[in-house]
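# Structure assessment
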Amino acid sequence: MTQARPDGADEVLTARVNFEETASSAAHEIAGPLGTVGAAVGLIAQMLGPDDDEARELVTLAGRHLRLIELQVRRIARLRPGPEEPQRRHTDLVSVTRELVDDLSVSLLADHATTVEAAGPVEAEVDADQVRQVLFNLLSNAAKYSPPDRAIVVSIAAAADAVELRVRDQGHGVIPAESERIFERYRRADEDVQGLGLGLTVSREIARAHGGDLHLEPAEEEGGSTFLLRLPLTG
């Protein structure tokens with residue numbers, strides 16, 4: 001027997017599907033010109049002379065902000081359900097993480113001291129762009145759900161057959177009953193926080209497409225949230 005939907009549920013579902021289709025199509029259209037702008041910024045950087053320190057600093061800043069825009073565009077492009085096939089290549093996850101934290105330090109993480117803990121390089125066969133997207137989503141969540149001036153820590157270590165990457169914040173945490181529900185599409189831990197409620201859904205899809213997974217670890221006594229991203233060392 002088919003269970004009846006609540007009044008208005010079909011309309012809401014249709015609206016969400018239409019939104020996803022429109023937003024995803026728009027993001028794909030933006031990606032092309034954005035790539036052209038990025039290439040132009042790179043060419044300008046190559047044309048600068050050794051004494052153009054001020055101009056080089058501005059070009060570097062523009063490049064960093066372009067990378068952040070690209071991450072947002074990729075996030076919107078992935079609104080449609082279903083993971084993309086990872087384009088794997090040998091990647092140092094510590095380097096990728098440090099670069100992203102550095103980029104976000106002038107914007108998203110400006111109010112949060114963020115450190116990356118790793119004994120040395122941690123390498124794996126992954127899609128670097130997709131992993132960067134997961135990290136962006138996790139760091140964005142940590143910043144949004146933590147009061148200003150609370151620290152965020154990213155730790156990276158290689159286990160026997162996988163990389164374990166943890167993002168720990170000092171926010172209000174998530175009650176155990178919500179530890180799996182927060183990975184559902186459109187669900188947010190706090191409805192007063194802006195966002196579509198898709199970041200964790202997309203991040204778990206990416207992790208599982210790599211043969212790994214993403215979980216919220218049990219809360220520690222000092223509170224906050226710790227997300228564990230596991231990725232296989234080889235494809």
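In what follows, the accompanying structure is described.

Conventions used here
- Residues numbered from 1 in each chain as written.
- Predicted model: local features only at pLDDT ≥ 70, side-chain atom pairs only at ≥ 80, totals over all residues.
- Heavy atoms only, no water.
- Phe/Tyr/Trp six-rings, centres within 6.5 Å; stacked < 30°, edge-to-face > 60°.
- Helix = DSSP H or I, 4+ residues; strand = E, 2+ residues; numbered from the N terminus.
- Lys NZ or Arg CZ within 6 Å of the ring centre and 35° of its normal.
- Pairing = 2+ DSSP bridges.
- Axes fitted to C-alpha atoms, helices over the stretch in contact; angles between N-to-C directions.
- Core = buried A, V, L, I, M, F, W, Y, C linked by side-chain atoms within 4.5 Å.
- Buried < 20%, exposed > 50% of the residue type's maximum accessible area, 1.4 Å probe, protein only.
- Contact = heavy atoms within 4.5 Å.
- Patch = residues over 30% accessible without salt bridge, like charges linked within 9 Å, V, L, I, M, F, W, Y side chains within 5 Å.
- Areas by Shrake-Rupley, 256 points an atom, 1.4 Å probe, with all protein chains shown as cover.
- Salt bridge = Lys/Arg side-chain N within 4 Å of Asp/Glu carboxyl O.
- Lys, Arg positive; Asp, Glu negative; His and termini not counted.
- Charge placed at Lys NZ, Arg CZ, Asp CG, Glu CD.

With that out of the way, let us pick up the packing of aromatic side chains. Applying the stated criterion across every chain yields a total of one aromatic pair. Here phenylalanine 183 and phenylalanine 227 contribute two aromatic rings whose centre-to-centre distance is 6.2 Å and whose plane-to-plane angle is 80°, an arrangement assigned as edge-to-face. Within this pair, whereas phenylalanine 183 is found in the loop between strand 5 (162-168) and helix 5 (199-209), its partner phenylalanine 227 is found in strand 7 (residues 226-232), the two being separated by 44 residues in sequence. The ring of phenylalanine 183 carries arginine 204 above its face, with NZ or CZ at 3.8 Å from the centroid.

A word on the sheet that holds strand 7. Pairing is mixed in the open sheet, where five strands are placed in the order 2-4-5-7-6. Since the sheet does not close on itself, it has two edges, and those belong to strand 2 (114-117) and strand 6 (213-216), each with one partner. On average, each strand axis in the sheet is tilted by 15° relative to the strand beside it, whichever way the strands run. Pairing of strand 6 with strand 7 involves four bridges; the strand directions are antiparallel. What sits directly across from aspartate 213, in strand 7, is arginine 230.

Let's shift gears to the nonpolar core. The biggest cluster of nonpolar side chains holds 39 residues, and the ones touching the most others in it are Leu139, Ile156, Val167 and Phe227. It is helix 4 (residues 128-144) that provides the largest number of residues to this core, a total of eight residues. Setting aside its immediate chain neighbours within four residues, valine 167 contacts Leu138, Leu139, Ala142, Ile152, Val153, Val154, Ser225, Thr226 and Phe227. In terms of nonpolar packing, the next biggest core, distinct from the first, is built from six residues, Val41, Leu48, Val59 and Val73 among them.

Glancing now at the environment of leucine 200. Structurally, the position occupied by leucine 200 is in helix 5. Judged by relative accessible area, leucine 200 falls into the buried class, the value being 8%. Each C-alpha atom of the pair leucine 200 and asparagine 137 lies 6.9 Å from the other, and the pair is 63 residues apart in sequence. Apart from the residues lying within four places of it in its own chain, the contact partners of leucine 200 are Leu138, Asn141, Ile182, Phe183, Leu214 and Phe227.

Attention shifts here to a negative patch on the surface. Side chains of Asp51, Asp52, Asp53, Glu54 and Glu57 sit close together on the surface and give a patch of like negative charge. With respect to the helices and strands, the residue glutamate 57 is situated in helix 2 (residues 53-77). Residue class for glutamate 57 comes out exposed when judged on its relative accessible area of 61%.

Backbone geometry at aspartate 149 places phi at a positive 75°, although glycine is not the residue there. For aspartate 149, the location among the structural elements is in the loop between helix 4 and strand 4 (152-158).

Quick look at the pattern of salt bridges now. On inspection of all chains with the given rule, the structure shows 10 salt bridges. The salt bridge involving arginine 204 is made with glutamate 180; its shortest N-O contact spans 2.9 Å. Separated by 24 residues along the polypeptide, arginine 204 in helix 5 and glutamate 180 in the loop between strand 5 and helix 5 bring together distant segments of the chain. You can call glutamate 180 partly exposed: its relative accessible area is 42%.

A regular strand places its side chains on the two faces of the sheet in alternate fashion. Of all seven residues in strand 7, six are buried; the element is thus mostly enclosed. As paired elements, strand 5 and strand 7 share seven bridges and run antiparallel to each other. For valine 167, the partnering residue across the bridge sits in strand 7 and is phenylalanine 227.

Read these as spatial facts, not as claims about activity.
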